[in-house]
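Structural characterization, general
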Amino acid sequence: MKNKVNLPRPECTLWRIHIRPKGPNNDVKVRESVALCIRKQVIGIGWGFQGETPPSSVKEFYRRASAKFAGKGWKVAANAIINPDGRGMKVDDLVWMRDLDGNYYLGRIRGKWKYDHRGNFGKHDIVNMRSCNLKRVDKRIPGAIINRFVSRQTVCRIHDHDATKTALTFSKLTYNALNKKDYYADTNIKGQSILNLLSPEDLEDAIGLYLQHERNYMLIPSSRSRRNDTLKYEYELIEKHTGKRAFVQVKSNELLNPDDYRDSDGKYYLFSAGGYKREEKNSTVETLQKREIEDFIRKQKRKMPYNIRMWIEYLNNK
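Since this is a predicted model, take the numbers as computed values, not measurements.

Rules of the game
Residues numbered from 1 in each chain as written. Predicted model: local features only at pLDDT ≥ 70, side-chain atom pairs only at ≥ 80, totals over all residues. Heavy atoms only, no water. Helix = DSSP H or I, 4+ residues; strand = E, 2+ residues; numbered from the N terminus. Buried < 20%, exposed > 50% of the residue type's maximum accessible area, 1.4 Å probe, protein only. Contact = heavy atoms within 4.5 Å. Axes fitted to C-alpha atoms, helices over the stretch in contact; angles between N-to-C directions. Parallel < 35°, antiparallel > 145°, perpendicular 65-115°, else oblique. Nonpolar A, V, L, I, M, F, W, Y, C, P; charged D, E, K, R; others polar. Polar contact = N/O pair within 3.5 Å; in protein donor to acceptor, adjacent residues only side chain to side chain. Phe/Tyr/Trp six-rings, centres within 6.5 Å; stacked < 30°, edge-to-face > 60°. Lys NZ or Arg CZ within 6 Å of the ring centre and 35° of its normal. Pairing = 2+ DSSP bridges. Core = buried A, V, L, I, M, F, W, Y, C linked by side-chain atoms within 4.5 Å.

**Topic: the overall build of the protein**
Regarding its fold elements, the protein presents 10 helices and 12 strands. Viewed in the frame of its principal axes, the protein has a C-alpha envelope of about 75 × 55 × 30 Å. With 318 residues in all, the protein has 50% of them scored as buried. Considering only residue pairs separated by 6 or more positions, the protein has 57% of its internal contacts joining residues 24 or more positions apart.

**Some points on the packing of helix α8 (residues 200-214) against helix α9 (residues 290-299)**
Contact geometry for α8 and α9: axes closest at 10 Å, N-to-C directions at 85°. Taken as axis vectors, α8 and α9 run roughly perpendicular relative to one another. Across the interface between the two elements, A206, I207, L209, Y210, H213 and E214 of α8 pack against E292, I293, F296 and I297 of α9. When its residues are assigned to classes, the contact of α8 with α9 shows 7 nonpolar, 1 polar and 2 charged.

**Thoughts on the side chain of N128**
The residue N128 is located in strand β6 (residues 128-136) in this model. Classification of N128 as buried rests on a relative accessible area of 0%. Separated by 3.4 Å, the side chain of N128 and the backbone oxygen of W47 make a polar contact. The contacts of N128, once residues within four sequence positions are left out, are I43, G44, I45, G46, W47, F61, I81, I82, W113, K114 and Y115.

**A few points about the packing of aromatic side chains**
In the structure shown here, the tally under the stated rule is 19 aromatic pairs. Aromatic side chains F49 and F69 sit 6.0 Å apart centroid to centroid with 40° between the ring planes, which places their arrangement in the tilted category. Note that F49 is positioned in the loop between β2 (42-45) and α2 (58-68) and F69 in the loop between α2 and α3 (73-82), a separation of 20 residues in sequence. Each of the two residues, F49 as well as F69, counts as buried. Grouped by ring-pair contacts, the aromatic residues F49, F61, Y62, F69, W74, W113 and Y115 constitute a single cluster. Stacked on the ring of F49, the Lys or Arg R64 has its end atom at 4.3 Å from the ring centre. The ring of Y183 carries the charged tip of R108 above its face, separated from the ring centre by 4.2 Å.

**Some remarks on helix α10 (residues 306-315)**
Where burial is concerned, most of α10 is hidden: 8 out of the 10 residues are buried. Where α10 is buried, its residues contact α6 (166-179), α7 (194-197), α8 and α9. Phi turns positive one or two residues past the end of α10, at N317, with a value near 60°.

**Topic: the pairing of strand β9 (residues 235-239)**
Across the 5 residues that make up β9, a large majority, 4, are buried. The turn joining β9 and strand β10 (residues 245-251), which pair antiparallel and follow one another in sequence, is formed by 5 residues; a positive phi near 75° is taken by G243.

**A look at the nonpolar core**
Core analysis: the largest hydrophobic core is formed by 57 residues, its most contacted members being W96, I194, I207, F271, I297 and W311. At 7 residues, the largest contribution of residues to this core is made by α10. Setting aside its immediate chain neighbours within four residues, W311 contacts T166, T169, F170, L173, I189, I194, L197 and L198. By size, the runner-up hydrophobic cluster in this structure holds 35 residues, among which are V34, C37, I43 and M97.

**Points about the sheet that holds β9**
An order of β8-β9-β10-β11-β12 is seen for the 5 strands of this open sheet, with the pairing classed as mixed. On the outer flanks of this sheet lie β8 (217-220) and β12 (285-287), each paired with one strand and no other. Each adjacent strand pair in this sheet contributes to an overall mean axis angle of 30°, direction not counted. Note that strand β11 (residues 267-272) and β12 share 3 bridges and pair parallel. Note on β12: the bridge partner recorded for Y269 is E286.

**Observations regarding the environment of F247**
Positionally, F247 belongs in strand β10. Classification of F247 as buried rests on a relative accessible area of 3%. Separated by 38 residues in the primary sequence, F247 and V285 place their C-alpha atoms 9.5 Å from one another. For F247, the residues in contact, after removing those within four places along its chain, are Y233, Y235, E236, S264, D265, G266, K267, Y268 and Y269.

**Topic: unusual backbone geometry**
Of note in the backbone geometry, K180 takes a positive phi value of approximately 55° without being a glycine. For K180, the position within the fold is in the loop between α6 and α7. Of the residues examined, K180 reaches a relative accessible area of 78% and is grouped as exposed. The phi dihedral of N216 is positive, around 65°, even though this residue is not glycine. Positionally, N216 belongs in the loop between α8 and β8.

Structure below.
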């Protein structure tokens, strides 16, 4: 018998799911549905046929569901879970879910679609499901993943908008770490700058922590929720001793121009991993240096959010 060769696993897709079923009578307790998924190691959705004969095939499910359920929501979710056209969840894909206490779970799809409305699955309206090796992660994960939980869509893809595919890479590395096994091998980030691995939201956090820790500023939390297309800053701060205002603009790769940030009654701190049209440091505008921010993140690792600490550990091969 020949020795088994361990081939690299195929490129996987990253997903997000809301476990928020309502049930046929709108009486499902979501917390119990989430607990059922964790206990049974599945992820799933409702849109079932409780009290009826269960569908015996994918074709039958879609025929009956089309007649029973209104709107497009059921079909979008079912297409992802059931995967009738090959564009939904596949074995070895990774999926994020969140419980009602804000804890995140990361899972690997382990099996094909299964329908079951017997017992607790029917009671808690988790009837269209996929076997999934779920592991609890933390309450703080990359912004690129967190942002996908804002949408009310039951199931959706998580797309990376950067060349390094940080959301997918983070998920693979985290799954490997949680299972103490290099299940996903294509995760080499050696030599990368940590700034290139952070999402725009994570960079905003790092810069905010830096200015508070090193420059004596205090963050105004509500200023982050007041952002719109007309504002040229991510959030506002106040200097501890003088009360002077400061504004922060953070970009991942865009080249920032200091000349665009002079019309305010406070100082602008600019940061972009992509650099600046020119560097500047005066009473109205300062372009923060990449090396200074990198050094701060590493030296203050214990004060960083969980996902930033994880990137540091991964870069250190731990």
